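Notes for the structure review
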Amino acid sequence: MAKQNKKFYVTSSIAYTNAPAHIGFAQEVVQTDVLARYHRLLGENVFYLTGTDEHGQKNVKAAEEAGKTPKEFVDEISENFKALKGILNLSNDDFIRTTDQKRHWPAVKKVWRKLKENGDVYKKKYKGLYCIGCEAFVKEKDLINGKCPIHKKEPEVIEEENYFFRLSKYQKQIKQIIEKDKIKIIPEARKNEILNFIRQGVEDVSCSRLRENLKWGIPVPDDETQTVYIWLEALVNYISALGYAEDGTKFKQFWPADVHCVGKDIFRFHCLLWPAMLLSIKIPLPKTVLIHGFITVAGQKMSKSLGNVIDPFELVKKYGTDAVRYFLLREIPPTEDGDFTYPKFEERYNSDLAKGLGNLVARVLTMAERTKIQEYTHIAVQSQLDQTWKNSQKALSEFKFNEALMAIWDLISFADGYIERERPWEVITELPTKERNQRTGQKVAINNLLFILANIAQLLQPFLPETSEKIFEQLGIKPDKKPWQFKIKKGKILFPKI
Ligand SMILES: [Zn+2]
């Protein structure tokens, strides 16, 4: 394995624990997982972090509604998010919880003290509108009919003496950083959005709440009357998990993050507040922020009240891990909104997985099982393979997961066409033995198809790891043990038709 030294640190956001996981977050952790797996395959030293964001008023409210203490409530929901690893086959190396007093709290306190030392935290009396849904102060001018445009609820009026963070001090610097792609924001439209936002002028932000009004949070160091503002402490998870508090080896090895994967609703915090905090405490900035959209269900926003929330656990139970991964990566655009419906899901499943991939594997292996494979040449299909690798890797390097999969499925179509042209089944079934032996070209074709399958399995590794493994098993080869010498062991149908 080459390039042992290169590191790759990738994070999802940490999930807010006021409700169990839905498929929007599943999309995010699956995207993050593809990046982690892909970079591991490149031989890089990868660290993949996910976790849960457990403090704040919204969690307290949700706990009250459930008749539980905040601690009981977030413990339960955090387990739900942790279990995504199993059902979605995630390869995360760690899971950080913001209620973790051993790892997270000391890091937050260290960050706070540094912000203060640098003169970036000050106290002032403040009156403002606070949206609990956003867990943020909102401006009058951003409201629609007096309500938060995202949460459709009237914000609360909060009048307190709080600490403020000097965000305004860093606006110029951050604008330049984003303009020059020192933090690369993907997609471009979001980059322009945040630049426009900064151009309108950035104000300092409240970064604590009175503890008597919000006890469920981390106390401000050296001031027990205040609780650290949830966003300020939540963002610290990306370094607290690495052992920032004690300047740990993981922190030295992996920071800065190579990619933060986040949703469009929270990207401003990642592209403005987070870099400003890092500039203040003088540690390097993340390199890329990848922003996904929202998943609607039959064109409507997922919500508890509409009862249309899609539970990833149920989806996986019904269709399997890789089918769900495939849908989230292929049907939902990586950086735009996408839509889920069961018919859409089943159509993708049947056409791409059952008929496309599954059928090709079964067909080729049936032929290969009944013929003696002698030749190990695959010249005729090599240029097609090269093209597929090129296209899928280019797409992946641009975070276009759907296009990378399209490239792989182009190869599947090519293989189907190749079978129709070469008619390799004739050498097995339709011809007398003597003539069969003369049809070497068709035998080579079967062999070529095995090479194509092996390449498909390899290309699928980061996307559908379990399916990839099954194909390798049926081919009787290991991905990294070359030259490949096939020992066909035809197995179960990969994706039975629904
Ligand atoms: Zn809101």
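Let me sum up the structure you'll find in this document.

Quick notes on the rules
- Residues numbered from 1 in each chain as written.
- Predicted model: local features only at pLDDT ≥ 70, side-chain atom pairs only at ≥ 80, totals over all residues.
- Heavy atoms only, no water.
- Donors = N, O, S within 2.8 Å, 3.2 Å for Na, K, Ca; no water.
- Helix = DSSP H or I, 4+ residues; strand = E, 2+ residues; numbered from the N terminus.
- Buried < 20%, exposed > 50% of the residue type's maximum accessible area, 1.4 Å probe, protein only.
- Phe/Tyr/Trp six-rings, centres within 6.5 Å; stacked < 30°, edge-to-face > 60°.
- Lys NZ or Arg CZ within 6 Å of the ring centre and 35° of its normal.
- Salt bridge = Lys/Arg side-chain N within 4 Å of Asp/Glu carboxyl O.
- Polar contact = N/O pair within 3.5 Å; in protein donor to acceptor, adjacent residues only side chain to side chain.
- Contact = heavy atoms within 4.5 Å.
- Axes fitted to C-alpha atoms, helices over the stretch in contact; angles between N-to-C directions.
- Parallel < 35°, antiparallel > 145°, perpendicular 65-115°, else oblique.
- Nonpolar A, V, L, I, M, F, W, Y, C, P; charged D, E, K, R; others polar.
- Expected span 1.5 Å × (residues − 1).
- Pairing = 2+ DSSP bridges.
- Patch = residues over 30% accessible without salt bridge, like charges linked within 9 Å, V, L, I, M, F, W, Y side chains within 5 Å.
- Areas by Shrake-Rupley, 256 points an atom, 1.4 Å probe, with all protein chains shown as cover.
- Lys, Arg positive; Asp, Glu negative; His and termini not counted.
- Charge placed at Lys NZ, Arg CZ, Asp CG, Glu CD.
- Right-handed = clockwise from strand over helix to strand, strands pointing away.

1. Examining the coordination of the zinc ion
Coordination sphere of the zinc ion, protein contribution only: C131 (SG), C134 (SG), C148 (SG) and H151 (ND1), at 2.1 to 2.3 Å. The motif formed by the donor residues of the zinc ion, counted along the single chain, is C-x2-C-x13-C-x2-H. Here C131 is found in strand β4 (residues 121–131), whereas its partner C148 is found in the loop between β5 (136–138) and β6 (156–165), with 17 residues between them in sequence. No difference in accessibility class separates C131 from C148, as the two residues are buried.

2. What about the packing of aromatic side chains?
Summed over the entire model, instances satisfying the criterion amount to 26 aromatic pairs. Sitting over the ring of F164, K124 keeps its end group 4.6 Å from the ring centre. Just above the ring of F197 sits the side chain of R268; from NZ or CZ to the centre is 3.8 Å.

3. A closer look at the pattern of salt bridges
Throughout the structure, instances matching the rule amount to 32 salt bridges. With a shortest N-O distance of 2.7 Å, E193 and R190 are connected by a salt bridge. Of this pair, E193 and R190 are both found in helix α7 (residues 188–199), 3 residues apart, which corresponds to roughly one turn of the helix. Residue E193 is classed as partly exposed on the basis of its relative accessible area, which comes to 31%. The class for R190 is buried, based on a relative accessible area of 18%. Where R363 meets E420, a salt bridge forms, and the shortest distance between an N and an O atom there is 2.5 Å. Note that R363 is positioned in helix α14 (residues 342–369) and E420 in helix α16 (residues 401–422), a separation of 57 residues in sequence. Judged by its relative accessible area of 44%, E420 is partly exposed. Three or more residues joined by partner-sharing salt bridges are found here, namely E54, K71, D75 and R97.

4. Observations regarding the side chain of E28
Looking at where E28 falls in the secondary structure, it is placed in helix α1 (residues 23–41). Polar side-chain contacts of E28 include one of 2.6 Å to the side chain of S13. Those residues in contact with E28 that lie beyond four places of it in its chain are S12, S13, C261, V262, G263 and H292.

5. Thoughts on the packing of α1 against helix α13 (residues 321–330)
Running from N to C, α1 and α13 point in directions that differ by 90°, and their axes come no closer than 9 Å. As far as their axial angle goes, α13 and α1 are roughly perpendicular. Where α1 approaches α13, its residues I23, A26, Q27, V30, Q31, D33, V34 and R37 are matched on the opposing element by R325, L328 and L329. Grouping the amino acids of the contact of α1 with α13 by side-chain chemistry returns 6 nonpolar, 2 polar and 3 charged.

6. A word on the environment of K175
By the element assignment, K175 lies in helix α6 (residues 171–179). Separated by 24 residues in the primary sequence, K175 and R199 have C-alpha atoms spaced 8.1 Å apart. The contact partners of K175, leaving out residues within four places of it in the chain, are L195, I198 and R199.

7. Some points on α7
Taking 1.5 Å per residue as the helical rise, α7 with its 12 residues ought to reach 16 Å, and the 17 Å between its terminal C-alpha atoms agrees with that figure. Where α7 is buried, its residues meet α6, β7 (184–186), α11 (267–281) and β13 (288–292).

8. Some points on the side chain of S392
Within the fold, S392 resides in helix α15 (residues 379–397). Ignoring sequence-local partners within four residues, the contact set of S392 consists of A404, A407, I408 and L459.

9. Comments concerning the sheet that holds strand β8 (residues 205–206)
Here 4 strands make up an open sheet; going across it, the order is β5-β4-β6-β8 and the pairing antiparallel. Bordering the open sheet on either side are β5 and β8, each of which pairs with just one other strand. Here β6 runs beside β8; their pairing, made up of 2 bridges, is antiparallel. Following the sheet pairing, F165 is matched in β8 by V205. Its contacts with the sheet place α11 against β5, β6 and β8, and it is angled at close to 35° to β6.

10. Re a positive patch on the surface
Together, K478, K481, K487 and K489 line one region of the surface with positive charge. Tracing the backbone shows K481 in the segment after α20 (465–475). Residue classification places K481 among the exposed residues on the basis of a relative accessible area of 59%.

11. Notes on the pairing of β13
Counting buried positions along β13 yields 5 of 5 residues, so the element is predominantly enclosed. In this structure, β7 lies alongside β13, joined through 3 bridges in parallel fashion. For I186, the partnering residue across the bridge sits in β13 and is L290. By the bridge criterion, 5 bridges tie strand β12 (residues 259–263) to β13 in an arrangement that is parallel. Paired with C261 across the two strands is L290, which belongs to β13. As a crossover connection, the stretch from β12 through α11 into β13 is right-handed.

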